[in-house]
Amino acid sequence: MLIDVLPSAGSPWMPALKNKVAVVIDVFRATSTMVTAFSNGCRAIIPVLTTEEALERRTNEPGYLLGGERRALPIEGFDVGNSPYDYVTEKVGGKTIIMTTTNGTRAIHAVAEARQVWIASFLNAGSVVDAINQYIRKNSEIDGIVIICAGSEDRFDIPDTLCAGMLVDMLGKDMESNDLGRAAQMLYNISKDRLHETLSMSEHGRLLQSIGYEKDVSYCAQPNILSITPVLEDGVVIARTEII
Ligand code: MLT
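Residues numbered from 1 in each chain as written. Predicted model: local features only at pLDDT ≥ 70, side-chain atom pairs only at ≥ 80, totals over all residues. Heavy atoms only, no water.

Here the focus is the nonpolar core. Within the largest apolar cluster, 72 residues are counted, with the highest numbers of intra-cluster contacts made by I45, I132, I145 and I147. Those residues in contact with I132, other than ones at most four positions away along the chain, are V21, V23, W118, I145 and L171. One finds V48, A54, I75 and I98 within the second-largest nonpolar core, a separate group that totals eight residues. (Core = buried A, V, L, I, M, F, W, Y, C linked by side-chain atoms within 4.5 Å. Buried < 20%, exposed > 50% of the residue type's maximum accessible area, 1.4 Å probe, protein only. Contact = heavy atoms within 4.5 Å.)

Applying the stated criterion to the full structure yields seven salt bridges. D79 is paired through a salt bridge with R58; the nearest N and O atoms lie 2.9 Å apart. Here D79, found in the loop between β5 (73–74) and α3 (89–92), pairs with R58, found in helix α2 (residues 51–60); they are 21 residues apart in sequence, far enough to count as distant. Here E233 makes a salt bridge to R240, at a shortest N to O gap of 2.0 Å. Accessibility expressed as a relative area gives 11% for R240, which makes it buried. (Salt bridge = Lys/Arg side-chain N within 4 Å of Asp/Glu carboxyl O. Helix = DSSP H or I, 4+ residues; strand = E, 2+ residues; numbered from the N terminus.)

In the neighbourhood of the ligand, 13 residues make up the surrounding shell, with N82, T101, N103, G104 and H204 lying closest. Within the side chain of D26, an N or O atom sits 2.9 Å from an oxygen atom of the ligand. T102 places a polar main-chain atom, nitrogen or oxygen, 3.5 Å from an oxygen atom of the ligand. For the ligand, whose unbound accessible area comes to 270 Å², protein coverage reaches 99%. One can see that the ligand is located within the largest pocket. Here the residues of the shell around the ligand are counted per class, giving four nonpolar, six polar and three charged. (Near = heavy atom within 4 Å. Polar contact = N/O pair within 3.5 Å; in protein donor to acceptor, adjacent residues only side chain to side chain. Areas by Shrake-Rupley, 256 points an atom, 1.4 Å probe, with all protein chains shown as cover. 1 Å grid on protein atoms, 1.4 Å probe; cavity = no way out; pocket = protein on both sides within 12 Å on 5 of 7 lines; lining within 4 Å. Sits in = over half its atoms within 2 Å of the grid points. Nonpolar A, V, L, I, M, F, W, Y, C, P; charged D, E, K, R; others polar.)

For the rest of this paragraph, the subject is unusual backbone geometry. Here F28 and R29 are connected by a cis peptide whose omega angle stands at -5°. Within the element layout of this structure, R29 appears in the loop between β2 (20–25) and α1 (30–39). One non-glycine residue with positive phi stands out, namely D154, at about 70°. With respect to the helices and strands, the residue D154 is situated in the loop between β8 (144–149) and α6 (158–171). Its identity is not glycine, yet N224 carries a phi of approximately 55°, on the positive side. Tracing the chain through its elements places N224 in the loop between α10 (214–220) and β10 (229–233).

Fair warning: the whole summary comes from geometry, so function is off the table for now.
Structure, rendered in structure tokens:
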């Protein structure tokens, strides 16, 4: 089976998605934050592209929370930003969150047509790989895996590429990958023992640190601390507990 790794949410090339499993990665910080929200009891996340759409959807559902960022900062009038530390149980437990972020929610929309879409980050990488392997065993029509890195405003970024490399590495020897997948795996293998340092030195890592989110950088750099496997179902992200 072939794994295609795509460099950013705005990737100009997109394989046919119909029988593919897709994985969305936005280490800094959308997918790390989503995984954390589910781990803290959030019920569902509705990823949308614009702040206007988020506000409009909330007018019909006043009990939903609004979350997300622009330029990595909380959006005025929203209930939570895009820091995983905002998504504590007291705020998000039992809640549905309408979320918009610069790259992460856009990457989810870019692969929404895939047969199954998983949400991954370093935090839950191992659990997502196990879930994908189980899903592929049960669904013989799946003919490939697409890993989309959210990247940074249509550009490659190191954090997402490293996480893609970790997934490629864990998905194993029976899979082949495109050249970006192989490059990501090589990069991961030479950086895995100093993951935090490598992520801190990335452009996005430096940006987050410069505006006071050092803790987010350290938090998002922790591999396999959460066994949460969120999937996109009918435009809504939920935490899947059973593979079907
Ligand atoms: C994004 O979607 O671009 C990010 O999650 C930005 C961030 O909040 O760090």
